[in-house]
Amino acid sequence: MKIKRSIIIIMITFFFTVVWFLQSSNYRDIPALRSANLSLYDVIIIMNNSAFGYSSMQAYTVFYTAPFLIFLNHLFLSENLATIIRGTNREKLYIRRVVKIIIAAFMFAFLHSGVNLLFTAIFFDYSLLKEMNFTSICLFNTVGLFLFYTSVGLIYELIKDISHSISISFFLTIALISGLFFFEKLMMTQMWGPIKDLAIYNKMLEKEWTIVDLLYIYVRQIFVVIFFYLIGSFVYKRKDFI
């Protein structure tokens, strides 16, 4: 199991590395950027904004949901059906499942942010990153991603308990999260939506959000996690596993 876990971590890290280089391929030629009158400050914002790029809302919802679910499914052993059936306290079993989701979400968010911070620090001057508070903002974004993917994991397990199918849950979760992104983008342009809380890089780098705004975001995300935790717990405790 340790070897399998190490392999999936390496694979996700490699995946993020490839995506980072592909998304930033047009912004690593510093002389060309300067000749185009584009400041490095603007370049970092573009590479991490909420419209496109490695750290965009579209990437988080449309492109990264499937890798996260694969990561979640392979990071731990599958639930033992005999243990569930014999279990006298399903609440404890469900909490054990939630802990696994939390660990997977944290590791996924940490690896994503770690790759971004590492390569941004390599290709851009540290003094510029320090001036932009890039490291701090990266950490703030990691917390937001952790809470978001915790919700995604809870939704995935909830659908799996209802549908009794891993494949249905996998594709339906991707469809729901991707659909929510496009729905908010097209239909909720002037209203709050949970996906809009993923614009931490963009809003913080452009100094549109403060620490107070971040706290509101975290509180909203925590409430979303609690909401799906309660629904998932209710369904899990009443699920017929036979």
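Residues numbered from 1 in each chain as written. Predicted model: local features only at pLDDT ≥ 70, side-chain atom pairs only at ≥ 80, totals over all residues. Heavy atoms only, no water.

1. Digging into the packing of aromatic side chains
Link 1 in the chain: Evaluation of the coordinates by the stated rule reveals 25 aromatic pairs.
Link 2 in the chain: Ring geometry for Y54 versus Y64: centroids 6.3 Å apart, planes at 65°, classification edge-to-face. In this pair, Y54 sits in the loop between α3 (40–47) and α4 (57–63) while Y64 sits in the loop between α4 and α5 (65–75), placing the two residues ten residues apart along the sequence.
Link 3 in the chain: A connected cluster of aromatic rings, assembled from ring pairs, spans F15, F16, Y54, Y60, Y64, F68, F71, F108, F148 and Y149. (Phe/Tyr/Trp six-rings, centres within 6.5 Å; stacked < 30°, edge-to-face > 60°. Helix = DSSP H or I, 4+ residues; strand = E, 2+ residues; numbered from the N terminus.)

2. Looking at the environment of F182
Link 1 in the chain: Structurally, F182 can be placed in helix α10 (residues 166–187).
Link 2 in the chain: Taking the C-alpha atoms as reference points, F182 and V62, separated by 120 residues in sequence, lie 9.3 Å from one another.

3. Considering the side chain of E157
Link 1 in the chain: Inspection of the secondary structure puts E157 in helix α9 (residues 134–163).
Link 2 in the chain: Engagement of the side chain of E157 in a polar contact is seen with the side chain of K160, the distance being 3.0 Å.
Link 3 in the chain: Each residue touching E157, except ones within four places of it in the same chain, is listed here: L72, R97 and I101. (Polar contact = N/O pair within 3.5 Å; in protein donor to acceptor, adjacent residues only side chain to side chain. Contact = heavy atoms within 4.5 Å.)

4. Examining the environment of K196
Link 1 in the chain: Inspection of the secondary structure puts K196 in the loop between α10 and α11 (200–205).
Link 2 in the chain: Residue class for K196 comes out partly exposed when judged on its relative accessible area of 23%.
Link 3 in the chain: Between the C-alpha atom of K196 and that of I217, which follows or precedes it by 21 residues, the distance is 9.5 Å. (Buried < 20%, exposed > 50% of the residue type's maximum accessible area, 1.4 Å probe, protein only.)

5. Section: the nonpolar core
Link 1 in the chain: Core analysis: the biggest nonpolar cluster contains 68 residues, and F16, I44, Y64, F68, F108, Y149 and L205 have the highest contact counts within it.
Link 2 in the chain: Residue contributions to this core peak at 14 residues, all from α9.
Link 3 in the chain: Beyond its immediate sequence surroundings of up to four residues, Y64 is in contact with F15, F16, V19, Y54, A59, F108, H112 and Y149. (Core = buried A, V, L, I, M, F, W, Y, C linked by side-chain atoms within 4.5 Å.)

6. Examining helix α1 (residues 2–23)
It helps to recall that an α-helix has 3.6 residues per turn; residues three or four apart then point in one direction.
Link 1 in the chain: The first and last C-alpha atoms of α1 sit 32 Å apart over 22 residues, in line with the 32 Å expected at 1.5 Å per residue.
Link 2 in the chain: Inspection of α1 places I8, I12, F16, T17, V19 and W20 among the buried residues, and these make up the whole buried set.
Link 3 in the chain: In the core, the buried residues of α1 are packed alongside α3, α5 and α7 (90–123). (Expected span 1.5 Å × (residues − 1).)

7. Quick look at the pattern of salt bridges
Link 1 in the chain: In this structure the tally under the stated criterion is six salt bridges.
Link 2 in the chain: For E157, the salt bridge goes to R97, with nearest N and O atoms at 3.6 Å. Here E157 is found in helix α9, whereas its partner R97 is found in helix α7, with 60 residues between them in sequence. For the pair shown, E157 and R97 are each scored as buried.
Link 3 in the chain: Within the structure, one salt-bridge network assembled from shared partners comprises R97, E157, K160 and D161. (Salt bridge = Lys/Arg side-chain N within 4 Å of Asp/Glu carboxyl O.)

8. Looking at the packing of α1 against α5
Link 1 in the chain: Between α1 and α5, the shortest axis-to-axis distance is 9 Å and the interhelical angle comes to 165°. In terms of orientation, α1 lies roughly antiparallel with respect to α5. In terms of crossing hand, the pair formed by α1 and α5 is left-handed. Of the residues in α5, those touching α1 at K4, R5, I8, I9, I12 and F15 are P67, I70, F71, H74 and L75. (Axes fitted to C-alpha atoms, helices over the stretch in contact; angles between N-to-C directions. Parallel < 35°, antiparallel > 145°, perpendicular 65-115°, else oblique. Left-handed = near helix turned anticlockwise from the far one by under 90°.)

9. A few points about the packing of α7 against α9
Link 1 in the chain: At a minimum axis distance of 8 Å, the contact between α7 and α9 shows a crossing angle of 145°. Note that α7 runs across α9; the crossing there is right-handed.

10. Concerning the environment of L139
Link 1 in the chain: With respect to the helices, strands and loops of the structure, L139 is situated in helix α9.
Link 2 in the chain: On the basis of relative accessibility, which here comes to 54%, the residue L139 falls in the exposed class.
Link 3 in the chain: Each C-alpha atom of the pair L139 and L117 lies 9.5 Å from the other, and the pair is 22 residues apart in sequence.

11. Concerning unusual backbone geometry
Link 1 in the chain: Residue H164 is not a glycine yet carries a positive backbone phi of 60°.
Link 2 in the chain: Inspection of the secondary structure assignment puts H164 in the loop between α9 and α10.
Link 3 in the chain: For H164, a relative accessible area of 53% puts it in the exposed group.
Link 4 in the chain: For K207, which is not glycine, the phi torsion reads 60° and is therefore positive.
Link 5 in the chain: For K207, the position within the fold is in the loop between α11 and α12 (211–237).

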